[in-house]
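# Working through the structure, step by step
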Amino acid sequence: VPHQHPQLRTVLLVEDNPDIRDLVEISLAELGGLVVVTASSGREALDVVAHELPDLVLLDYMLPGLDGSQILRILQNTAATAQLPVAFLTAKTQPHEVAEMMSLGAIGVIAKPFSPITLAEQLRTLWRTHHDRTR
Amino acid sequence: MTQAQDATRLDVIARYGLDRAERGDAYDTQARLAADVLGAPIAFLTVVAEDEQRVLGAHEFDAGPCHLNDSICAHTIRSDDVTAIEDARTDERVLRSSFVTGHPRIRAYAGAPLLVSGARIGALAVCDLKPRKFSGEDCRRLKLLSAAAADLIEARIGVAVAKEADRLKGEFVSTVSHELRTPLTSIVGAIGLISHLPDSGLTTRALRLIGIASQNAERLTRLIDDLLDIDQLQSGLAPVRPETIDLGQLVAVAADQNRPYVERLGKTLELVSPPASLLIEADRHRILQVISNLVSNAGKFSRPGTAVTLAAERTDGLVRLSVADRGPGIPDTFRGRIFDRFSQYDSSDTRRHGGTGLGLSITKAIVERHGGHLDFAPRPGGGTIFFADFPLSPKADHPRNRG
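Residues numbered from 1 in each chain as written. Chains lettered and ligands numbered in written order. Predicted model: local features only at pLDDT ≥ 70, side-chain atom pairs only at ≥ 80, totals over all residues. Heavy atoms only, no water.

## Overview of the pairing of strand E3 (residues 56-60) of chain A
All names here are of chain A. Of all five residues in E3, five are buried; the element is thus mostly enclosed. A two-sided burial pattern is seen for E3, the buried positions comprising Leu56, Leu58 and Asp60 on one face and Val57 and Leu59 on the other. Taken together, the four bridges between strand E1 (residues 10-14) and E3 define a ladder with parallel strand orientation. Paired with Leu13 across the strands is Leu58, a residue of E3. Handedness of the E3-helix H3 (residues 68-76)-strand E4 (residues 86-90) crossover: right-handed. (Buried < 20%, exposed > 50% of the residue type's maximum accessible area, 1.4 Å probe, protein only. Helix = DSSP H or I, 4+ residues; strand = E, 2+ residues; numbered from the N terminus. Pairing = 2+ DSSP bridges. Right-handed = clockwise from strand over helix to strand, strands pointing away.)

## Some points on the sheet that holds E3(A)
Residue and element names in this part refer to chain A. The strand order E2-E1-E3-E4-E5 describes an open sheet built from five strands, whose pairing is parallel. Two strands close off the open sheet at either side, each with one partner strand: strand E2 (35-39) and strand E5 (108-111). This sheet shows a mean twist of 20 degrees between the axes of neighbouring strands, independent of strand direction. When E4 meets E5, the two strands line up parallel, connected through four bridges. Paired with Ala87 across the two strands is Gly108, which belongs to E5. Against the sheet, helix H4 (residues 95-103) makes contact with E4 and E5, and its axis sits at roughly 145 degrees relative to E5, the strand it touches most. (Axes fitted to C-alpha atoms, helices over the stretch in contact; angles between N-to-C directions. Contact = heavy atoms within 4.5 Å.)

## A look at the environment of Pro116(A)
Examined against the element boundaries, Pro116(A) turns out to sit in the loop between E5 and helix H5 (119-134). You can call Pro116(A) buried: its relative accessible area is 3%. With 90 residues separating them in the primary sequence, Pro116(A) and Ile26(A) have C-alpha atoms 8.5 Å apart. Setting aside its immediate chain neighbours within four residues, Pro116(A) contacts Ser27(A), Leu31(A), Val188(B), Gly189(B), Gly192(B) and Leu193(B).

## What to know about the interface of chain A and chain B
With 20 residues of chain A at the contact, the number on the chain B side is 21 residues. Buried area between chain A and chain B, summed over both chains or domains, comes out near 1,800 Å², and the portion from carbon and sulfur atoms is 72%. Three residues stand out in chain A for area buried against chain B, namely Leu23(A), Gln94(A) and Pro113(A), and they jointly supply 30% of the buried area on that side. Our enumeration of links across chain A and chain B arrives at three residue pairs in polar contact (both at pLDDT 80 or more). Elements represented by at least two residues in the side of chain A that touches chain B include exactly helix H1 (18-31) and H4 of chain A. Counting residues per element, the side of chain A that touches chain B draws most heavily on H1(A), at seven residues. (Buried area = accessible area lost by both parts, 1.4 Å probe. Polar contact = N/O pair within 3.5 Å; in protein donor to acceptor, adjacent residues only side chain to side chain.)

Rendered as structure tokens:
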């Protein structure tokens, strides 16, 4: 049996804007063939991961309440989720902003507006790169 | 003094942070000048704030911050005229001031109010350690000097206010850019999905219309990106992280990155092999952005089948990056406006080439942030050469780095 690379299957999307949440979900599920679980806030996201771990979290950076950086820190400081790969989805696109998000430990930063056609592929690439690096 | 005048004074002081203003050499000079002109041993420039007097500049004696009960200038700001006190020991208003009863034992005082932004915010004052009568001429001169000192304060406020306005504008542009991106994300997402979902069932006609919407949503995204970029660059808010880089190596990297784009336009990209060790102090990503902007412009305007030439060389203590196209050249009437925002020679360029009209302004801003200079010249044989000159890194002439 040839060695099978593990595949990205499930994504937890954390996004407060309902339109963008729907669009990302359609893009990842219908075009990208991924299983998508959604949360509209940090609290909700933490509830979700407490029950079942996704392969990857796609996290809006600017959220009301707990923001993206705070959620990431909580995940990193919780044993069960410390290794969970997180990518940011954000309207902050300036190079220094992106660099700051990467320095928090994100595996990637997807800029808004994103391409709904290639989004799943972008996430697969980020996830594979991360997976190869940490194996 | 009326309460309204008090309120105005305190408002001006608070608005311009004069109660926190730094002491300055220029203010000391103003005080020294007043002492000289009026032949007095001591002079100072004060701000009379809500509950204390602060010294902006002083000659020979600096009272430092003091309580208003000790401040003599607190009396001066009550009128537009010069307050002259011949012998402080017999003047009911000031005889209990610690500067009269104690060090430095002020005896005579003349102060002219400082009129800043319409309010008397403090005073320029001279003092003597023995009783003295101030003449009408003394008072007239002191008033002139206080007007000059007030002008100096206003000029400094102007600079501070302009800096603050720049910062607020930068913040505003950045916030607007974030706010615009949210609805734009939904539009780009929805348009993209409509035409790509397997069961969309759209007619060719509908797809064409969606194509137009899609291209323009992309253009709007680029515009927002570019506007934010140029604003942050020109206001100095975009951090530029310089490191020592070899421009020769960087153009080779950039050539590989940009070649596919140029070839898609039906042109080629040739790299003139650069000499070794073209060291400059620059932000690598920003210089790649400069090269990419210049190469994509050259690619758009070159004639089909021709080459865009990218080169880096050393000239007279400078490192020159140049990008040459074999296009129609830049019309004389457009030369003066080429670096202006949104300037495109032909308005159909936008549609044909998909640019935002901000590329060259951004490129120029980046080059200038690096202490460099961007310019262009006709290319011998036709076309245009754009070149960016950067200062050579001081590390370039280290023996180990000499090319």
